[in-house]
There are 2 protein chains.
Amino acid sequence: MENRIFNFNAGPAALPLAVLEEIKNDLISYKGEGLSVMEMSHRSKTFDAIIKEAEALAKEVLQIPAGYKVIFMQGGASLQFAAVPLNLLPDGGSADYISTGAWSKKAVAEAEKLGKSVNVIASSEDSNFSRIPGEFTINSDAAYLHITSNNTIFGTQWQEWPETGTVPLVCDMSSDIGCRKVDIGKFGLIYAGAQKNMGPSGVTIVIMREELMERSPANIPTMTSYKIIGGKDSLYNTPPTFAIYIVKLVLQWVKNMGGLEKIEQINREKARILYEAIDATGFYRGTVEKESRSLMNVPFRLPSEDLEKAFVEESTAAGMIGLKGHRSVGGIRASIYNAVPLEAVKTLAEFMRDFERKHG
Amino acid sequence: MENRIFNFNAGPAALPLAVLEEIKNDLISYKGEGLSVMEMSHRSKTFDAIIKEAEALAKEVLQIPAGYKVIFMQGGASLQFAAVPLNLLPDGGSADYISTGAWSKKAVAEAEKLGKSVNVIASSEDSNFSRIPGEFTINSDAAYLHITSNNTIFGTQWQEWPETGTVPLVCDMSSDIGCRKVDIGKFGLIYAGAQKNMGPSGVTIVIMREELMERSPANIPTMTSYKIIGGKDSLYNTPPTFAIYIVKLVLQWVKNMGGLEKIEQINREKARILYEAIDATGFYRGTVEKESRSLMNVPFRLPSEDLEKAFVEESTAAGMIGLKGHRSVGGIRASIYNAVPLEAVKTLAEFMRDFERKHG
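Asker: Sorry, what's going on with the overall build of chain A here?
Answerer: Looking only at helices and strands, one finds nine helices and 14 strands in chain A. What you see for chain A is a C-alpha radius of gyration of 21 Å, in line with the 21 Å of a compact globule of 360 residues. For the C-alpha atoms alone, the extent of chain A along its principal axes is close to 60 × 55 × 30 Å. Scored against the burial criterion, the 360 residues of chain A give a buried share of 64%.

Asker: Is there a simple way to think about the pairing of strand β10 (residues 204-209) of chain B in this case?
Answerer: As a general feature of sheets, a regular strand has side chains that alternate between the two faces. Residues and elements named next belong to chain B. Counting buried positions along β10 yields five of six residues, so the element is predominantly enclosed. Two strands pair when backbone bridges link them, and strand β2 (residues 68-73) and β10 are joined in this way by six bridges, in the antiparallel orientation. The residue of β10 that forms the bridge with Lys69 is Met208. Where strand β9 (residues 189-193) lies against β10, five bridges are found, and the strand directions are antiparallel. Residue pairing for β10: Ala192 is matched across the bridge by Ile205.

Asker: Whenever I open this one, the domain arrangement of chain A confuses me. Can you help?
Answerer: Where interface size is given, it is often the accessible area lost as the parts come together that is meant. Residues and elements named next belong to chain A. Split into domains, chain A comes out as domain 1 (18-256) and domain 2 (258-359). Averaged C-alpha coordinates put domain 1 and domain 2 at centres separated by 27 Å. If you look at the interface, domain 1 gives 27 residues, while domain 2 gives 25 residues. In total, domain 1 and domain 2 occlude about 2,200 Å² of area from one another, counting both sides; carbon and sulfur atoms represent 53% of this. At the surface where domain 1 touches domain 2, the tally comes to two salt bridges. Among the salt bridges present, the one from Arg131 reaches Glu289, with a minimum N-O distance of 4.0 Å. Connecting domain 1 to domain 2 are 18 residue pairs in polar contact (both at pLDDT 80 or more). Looking at the side of domain 1 that touches domain 2, the elements with two or more residues in it are β6 (150-151), β7 (156-157) and α6 (241-257). With four residues, α6 is the single largest residue contributor to the side of domain 1 that touches domain 2. Split by residue class, the side of domain 1 that touches domain 2 holds eight nonpolar, 13 polar and six charged.

Asker: Where do I start with the sheet that holds strand β12 (residues 297-301) of chain B in this structure?
Answerer: The strands that make up a sheet pair up through hydrogen bonds in the backbone, lying either parallel or antiparallel. Residues and elements named next belong to chain B. Overall, antiparallel pairing links the three strands, which are arranged β11-β12-β14 in an open sheet. Single-partner strands in this sheet number two, and they are β11 (285-286) and β14 (332-335). Inspection of the sheet shows β11 paired to β12 by two bridges, in the antiparallel sense. Along β12, the bridge assignment pairs Arg285 with Arg301. Helix α7 (residues 259-279) rests against β11, β12 and β14 of the sheet, and its axis sits at about 10 degrees to β12.

Asker: I would appreciate a short explanation of the side chain of Ser234 of chain A in the present structure.
Answerer: All names here are of chain A. By secondary structure assignment, the location of Ser234 is in the loop between α5 (226-231) and α6. By relative accessible area, which is 2% here, Ser234 ends up buried. Of the polar contacts made by the side chain of Ser234, one reaches the backbone nitrogen of Phe72; its length is 2.9 Å. Discounting residues that sit within four places of it in the chain, Ser234 has contacts with Ile51, Val70, Ile71, Phe72, Ile229 and Pro239.

Asker: For this particular structure, what's the right way to read the interface of chain A and chain B?
Answerer: Listed by partner, the interface residues are 63 residues for chain A and 63 residues for chain B. Of all residues in chain A, Ile28, Met38 and Glu39 of chain A give up the largest surface area on contact with chain B, accounting jointly for 14% of the area buried on that side. On inspection of chain A and its partner chain B, the count reaches two salt bridges. Glu39 of chain A serves as the salt-bridge partner of Arg4 of chain B, at 2.7 Å between the closest nitrogen and oxygen. Counting across the chain A and chain B interface gives 30 residue pairs in polar contact (both at pLDDT 80 or more). Of all the secondary structure elements, the ones that give two or more residues to the side of chain A that touches chain B are α1 (17-25), α3 (76-88), α4 (102-113) and α6 of chain A. Of the residues that constitute the side of chain A that touches chain B, the class distribution is 29 nonpolar, 23 polar and 11 charged.

Asker: Looking at this model, I keep getting lost on the pairing of β12 of chain B. Mind explaining?
Answerer: All names here are of chain B. With respect to burial, β12 is a largely interior element, five of its five residues being buried. Here β12 shows a buried face lined by Asn297, Pro299 and Arg301 and a second buried face lined by Val298 and Phe300. Sheet analysis places β12 next to β14, joined by four bridges and oriented antiparallel. Bridging from a neighbouring strand, Pro299 pairs with Arg333 of β14.

Asker: Help me understand the relation of the copies chain A and chain B in this model?
Answerer: For the pair of chain copies, the relating operation is a rotation around an axis with a shift along it. With an RMSD of 0.0 Å, the operation that places chain A on chain B is a rotation of 180 degrees combined with a shift of 0.0 Å along the axis. The transformation just described matches what one would write down for a two-fold rotation axis. Using C-alpha coordinates, one finds that chain A approaches the rotation axis most closely at Lys24 of chain A, a distance of 2.8 Å. Comparing interface residues between copies, 100% of those in chain A also sit at the interface in chain B, which points to an isologous, same-surface contact.

Asker: I would appreciate a short explanation of helix α8 (residues 305-317) of chain A in the present structure.
Answerer: For an α-helix, 3.6 residues make a turn, and residues three or four places apart therefore share a direction. Residues and elements named next belong to chain A. Relative to the 18 Å expected for 13 residues at 1.5 Å per residue, α8 spans 18 Å between its end C-alpha atoms, a close match to the ideal helical length. Taken together, the buried positions of α8 are occupied by Leu307, Glu308, Ala310, Phe311, Val312 and Ser315. Here the buried face of α8 lies against β12 (297-301), β13 (320-321), β14 (332-335) and α9 (342-359). The positive-phi residue at the C-terminal boundary of α8 is Gly319, with phi of around 90 degrees.

Asker: For this particular structure, what's the right way to read the pattern of salt bridges?
Answerer: Where side chains of opposite charge bring their charged atoms close, a pairing between them can arise. Residue and element names in this part refer to chain B. Scanning all chains against the criterion turns up 48 salt bridges over all chains. Note that Asp26 and Lys31 form a salt bridge whose closest N and O atoms lie 2.9 Å from each other. In this structure Asp26 comes out as buried when scored by relative accessible area, which is 7%. Between Lys52 and Asp48 there is a salt bridge, with its nearest N and O atoms 2.7 Å apart.

Asker: How should I be thinking about the nonpolar core in this particular structure?
Answerer: Nonpolar side chains tend to gather and get buried jointly when the protein is soluble and globular. Residues Ile23 of chain A together with Ile23 of chain B are the most contacted members of the largest nonpolar core, which totals 126 residues. What Ile23 of chain B contacts, discounting residues up to four positions off in sequence, is Leu27 and Met38 of chain A together with Phe242, Tyr245, Ile246 and Leu249 of chain B.

Asker: How do you make sense of unusual backbone geometry when you look at a structure like this?
Answerer: Among all residues save glycine, negative phi is the norm, and among peptide bonds the norm is trans. Residue and element names in this part refer to chain A. The step from Gly11 to Pro12 runs through a cis peptide bond, and the omega angle for that step is -10 degrees. Secondary-structure assignment places Pro12 in the loop between β1 (6-7) and α1. The backbone of Gln63 shows a phi angle near 55 degrees, a positive value even though the residue is not glycine. Secondary-structure assignment places Gln63 in the loop between α2 (45-61) and β2 (68-73).

Basis of the calculations
Residues numbered from 1 in each chain as written. Chains lettered and ligands numbered in written order. Predicted model: local features only at pLDDT ≥ 70, side-chain atom pairs only at ≥ 80, totals over all residues. Heavy atoms only, no water. Helix = DSSP H or I, 4+ residues; strand = E, 2+ residues; numbered from the N terminus. Rg over C-alpha atoms; globule rule 2.2 N^0.38 Å. Buried < 20%, exposed > 50% of the residue type's maximum accessible area, 1.4 Å probe, protein only. Pairing = 2+ DSSP bridges. Domains from an automatic or database assignment. Contact = heavy atoms within 4.5 Å. Buried area = accessible area lost by both parts, 1.4 Å probe. Salt bridge = Lys/Arg side-chain N within 4 Å of Asp/Glu carboxyl O. Polar contact = N/O pair within 3.5 Å; in protein donor to acceptor, adjacent residues only side chain to side chain. Nonpolar A, V, L, I, M, F, W, Y, C, P; charged D, E, K, R; others polar. Axes fitted to C-alpha atoms, helices over the stretch in contact; angles between N-to-C directions. Least-squares fit on C-alpha atoms with pLDDT ≥ 70 in both. Expected span 1.5 Å × (residues − 1). Core = buried A, V, L, I, M, F, W, Y, C linked by side-chain atoms within 4.5 Å.

Have a look at this one:
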């Protein structure tokens, strides 16, 4: 048993130990075949079984209804910021965006940079993104509505999905995919960089209603085209084979843990413990309105920046890493993705109480 | 010691056993830090040291002169087929391409799809791509000349680089980067998917003259922009951290082996052994003109398709995989990248002689 620390990184983030152990076990000779998954042709029978199982497990574990396609792409959410408008927003049309922080703003900026017409129909920037906007009107002729389900930096998360009628709902779910039961049927397209809840960085999971694939125009870069990459079942070119293999293992782990329902229950317990520790006295201060609090990223402040610095130093010394807030907002942030065990969260809450006793 | 087969895959392909062993050793707790490289923030000190060392080793091992930038991107050569014209070919200009097979043709098609003006100034398609074209005239006003240094499918390889004067030479070096000493100073831009000689799939190495980065227009997808991704030292967004780590290990392995000069010497010996086995009698038939033969991909035919089928079956049974030719051309192909040991090639040559005795 190797020494492991408690990893509260915002992403790339903790992976389940059982997954790492399986990767290690099969690293040099996968299932006795005499080569690593990394060394296999993406057209081999063995890898074909791996990618097909990854797709099937995504459909099963994430409870994706019929009529949806699962696609593995590269380039992270950043490529999707371009791919979504390139594929789904025809010239002359416009799309609606709701801004809940840095990532939403990047999505808007990328669409605009590519000459697309975008309406930001709601934003919580006036309150430094401390909440999910509650009031907005969707343009009925919008090509889609784009939202970010969870803001990693500010620690906000959508609790109820907007009703969009016939306008497809497009969602960047990078930092909370698979953290709770989601009615996928409400969405036109979901994308998620894998490096928080689904695997390592370098692969993006796209879940889209099949008929939306038909919107892709011919004159966009092939590697952004849902129609081409999806049409070739993610094998248009050499995909990031090892990263896809790990996504498969992570999905299998979620299934073995008892599925999304069980994972959600654990995540709610983890979040409850931390938010209770924050709210217990006046020492810690949550930065997010309670009804918008995230299950995945828990930001908070201490009475002074000096104490925040001491908190980071002492927690690191105590074997907990990744607790420094994002460089753009400061403070403390605990990212408690699926693979962060309950034990880690309990240890952190205990550390918070000790720290307060010592410095409060 | 785990059982390992001889891996002649065209890509993803064999990795050095020493590299796999190091990955395995550090998989769950990298250098005793208590977490995997996959679980580290891309902004952490440890990963920063890894990516900086990967860049430094690329410059040292590939003998890249001053004035060049090394960038790690995603999307493979397929994204570069778009990125090169998007960044370097202004509207109203045109670029020259030399076609030596499927990959060159895809590069041309992608540029044309994006509305760019392209001149194919030479092609060996009339001889089924059995050679590198020798005669061509570069347009003096071309934005660049694009070539494919090694054709994985047909087994051809440029032996002398074209003299392009002031026209930047752009090269897809995916299947032979690091196989021999190359005068990088002759090139404006080199790109290579890592999955043949440099690491796993999912990361692309771009080597470019720094001043060419200034050509990138603002209105292209961010993830294709050399100026943005290069300007942020490959950390504009979350890069494929684990794949970059493996590239670092592979470059370290090349260095430990004695560098490019030694690797080239071994590669020439490996290729000599196989081409001699092909040329020894009339049983095997090479498909490439001798002066265009590749050091990396060795395609050949047998007297009949039935014998080719038997060759693939019997070689697989003998512990050698990946010898079936590309589905678009048939026959046999042995890919003998850097990580394929001399022993594997000798075993294959011996098998070829045995097979001929048995079936000839």
